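Spelled out, the chains give:
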Amino acid sequence: MQNSAEAFAALHVPGTPLLMPNPYDVGSARVLESLGFRALGTTSSGHAATLGRPDGSIVPGEALDHASKLVAAVDVPVSADLEDGFAEGPAGIRAIVARAASTGLAGCSIEDWVGGAICPLPEAVERVAAAAGAARGRMVLTARAENFFRGNPDLDDTIARLQAFQEAGADVLYAPGLTTLDEVRAVVSSVDRPVSVLARAGLPSVAELASVGVARISVGGAFGQVAYAALTQAARELRDEGTYGYTSLAAEGRDVLTAFSAATVSR
């Protein structure tokens, strides 16, 4: 369906976080929609894994085709992980965001990790501004500051980047890798846009994050990784033990698939 950026933006309420999980294919998107999630986000790592490839190996056409399939499969807003915009300069980013908007996506994200390094701030701001110009009125733009996610836990620099991205026109601000409530509180209190965080080990609970004003929580590639872990455990049981304990989990999965398939047919 064609999703409304305005409706998606309205789901970002500080203190009442939008739980936006990240499906890795059409089936997982429909399952998550059937469970009542009000918006979904693509995951570059999860998508790449379905192709048997590492994160960072997806090319623009693949990312947009994948996003288009998810948009068509569900009736909730979908936001696309566009990584670094798949482009070296602002003009290229502007073009890819414009193409993304034409797919019916309600949102997209652009990060400042470019070519294996954190992008210098002036250049990163230019890239966000280009994306914002192409997204304005068509999609919700999320700007990502990758410091904490890339082994550089510099909170002051992260906040400065998010503030600059805000001024460049970003609608939502995202610093994946934040872990403590104090870090999250510092970010939320330093900007005037909704803040998204990444669910990860050690992160405070949803209720705690709500208490400091977080507006969105996503999971990145984690749900896909959980699925691959379950597959591996089942396969090892069959290979090493010669038993079938995994069939109880399979029965639960079959019930889930039956339920969302029925819902799909009745739409």
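Calculation rules
- Residues numbered from 1 in each chain as written.
- Predicted model: local features only at pLDDT ≥ 70, side-chain atom pairs only at ≥ 80, totals over all residues.
- Heavy atoms only, no water.
- Pairing = 2+ DSSP bridges.
- Helix = DSSP H or I, 4+ residues; strand = E, 2+ residues; numbered from the N terminus.
- Contact = heavy atoms within 4.5 Å.
- Axes fitted to C-alpha atoms, helices over the stretch in contact; angles between N-to-C directions.
- Buried < 20%, exposed > 50% of the residue type's maximum accessible area, 1.4 Å probe, protein only.
- Right-handed = clockwise from strand over helix to strand, strands pointing away.

Colleague: With reference to specific residues and values, describe the sheet that holds strand β8 (residues 172-174).
Modeller: One open sheet accounts for eight strands, arranged β1-β10-β9-β8-β7-β4-β3-β2; its pairing is parallel. A single partner strand is all that each edge strand has here, and the edge strands are β1 (18-20) and β2 (40-41). Judged from the two bridges that link them, β2 and strand β3 (residues 78-81) form a sheet pairing that is parallel. Within the sheet, the bridge partner assigned to Leu40 lies in β3 and is Val78. Its contacts with the sheet put helix α7 (residues 155-167) on β7 (140-144) and β8, and the angle it makes with β8 is roughly 160°.

Colleague: Describe the pairing of strand β9 (residues 195-198), with residues and values.
Modeller: A regular strand carries its side chains on alternate faces of the sheet. The side-chain alternation of β9 yields two buried faces, one formed by Val195 and Val197 and the other by Ser196 and Leu198. Inspection of the sheet shows β8 paired to β9 by two bridges, in the parallel sense. Looking across to β9, one finds that Leu173 is bridged to Val195. On the question of chirality, the crossover connecting β8 to the parallel β9 by way of helix α8 (residues 181-190) is right-handed. Judged from the three bridges that link them, β9 and strand β10 (residues 216-218) form a sheet pairing that is parallel. Its bridge partner being in β10, Leu198 is matched across the sheet by Ser218. In this fold, β9 hands off to helix α9 (residues 206-211), which returns the chain to β10; that crossover is right-handed.

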